Amino acid sequence: TAWVPEHFIGGHPALDLANAVFDRRNPPPHNELFNAAADIGGWLFSAGLSNEADAGAVAAIRDRNFLEDVREVREASYALFDAIAADKGIPSKPLGLLFSRAASGLEARQIAWDGTRFDLSSLQWRDPAPVTAFLAHLSIEAFFTLPRAKLHACPRCGWLFVDTSRGGKRRWCNMRVCGNREKIARHRGHG
């Protein structure tokens, strides 16, 4: 996956993680953006969460469960924040999974902290458990810190974002992508 700025529109890395598929509402046959450990390493670097060497260490992880574990954290993050954005309350199962994944990465490992986030050492970026825990912790941090009333899902693709627009009326994940597609679809429907 070639990560571009349009992949990072959520306003928080946990939302960008939840958005790491092509489309939530109408998924194409190849909807997955995390197809290999290299995609996860590239995402971490592009999101500004790791340096290039640490992203390379993640990309080199060969644990067969790593990819599925990261996808599971991503899907739990999406389920949690999508429910909050839809004002459906807080689903306990995805939140519990995120807490469990974050905790399992801490068991028998000393992890440093950088403010409120894990600060993984170069060696820890090579280990799937702390990396998965790091991603789960991002979502837990976001759960406690994001302004819930400003959390929205794009009506076209389902991507999540924090609306920081001046009037609080942002509708699309990205006006150039989904907003323009919606305008074109409406125009064709009326033309």
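Bear in mind the structure is a predicted one, so any value in this text is a computation, not a measurement.

Draft legend 1. Examining the environment of Phe99 more closely. With respect to the helices and strands, Phe99 occurs in helix H5 (residues 92–106). Spatially, the C-alpha atoms of Phe99 and His137 are 7.5 Å apart, while their sequence positions differ by 38 residues. If sequence neighbours within four positions are ignored, Phe99 has contacts with Ile140 and Phe144.

Draft legend 2. Focus on helix H6 (residues 128–145). The terminal C-alpha atoms of H6 lie 26 Å apart, and with 18 residues this matches the ideal 26 Å at 1.5 Å per residue to within 8%. Counting buried positions over the 18 residues of H6 gives 15, a clear majority of the element. Capping of H6 at its N-terminal end is provided by Asp127; its side-chain oxygen lies 3.2 Å from the backbone amide nitrogen of Ala129.

Draft legend 3. Here's a closer look at the packing of aromatic side chains. One pass over the full model with this rule turns up seven aromatic pairs. Seen from their ring centres, Phe99 and Phe144 are 6.4 Å apart, and the 65° between their planes marks the pair as edge-to-face. With Phe99 in helix H5 and Phe144 in helix H6, the pair connects residues that are 45 residues apart, well separated along the chain. On the basis of relative accessibility, which here comes to 57%, the residue Phe144 falls in the exposed class.

So, how was this worked out
- Residues numbered from 1 in each chain as written.
- Predicted model: local features only at pLDDT ≥ 70, side-chain atom pairs only at ≥ 80, totals over all residues.
- Heavy atoms only, no water.
- Helix = DSSP H or I, 4+ residues; strand = E, 2+ residues; numbered from the N terminus.
- Contact = heavy atoms within 4.5 Å.
- Expected span 1.5 Å × (residues − 1).
- Buried < 20%, exposed > 50% of the residue type's maximum accessible area, 1.4 Å probe, protein only.
- Polar contact = N/O pair within 3.5 Å; in protein donor to acceptor, adjacent residues only side chain to side chain.
- Phe/Tyr/Trp six-rings, centres within 6.5 Å; stacked < 30°, edge-to-face > 60°.

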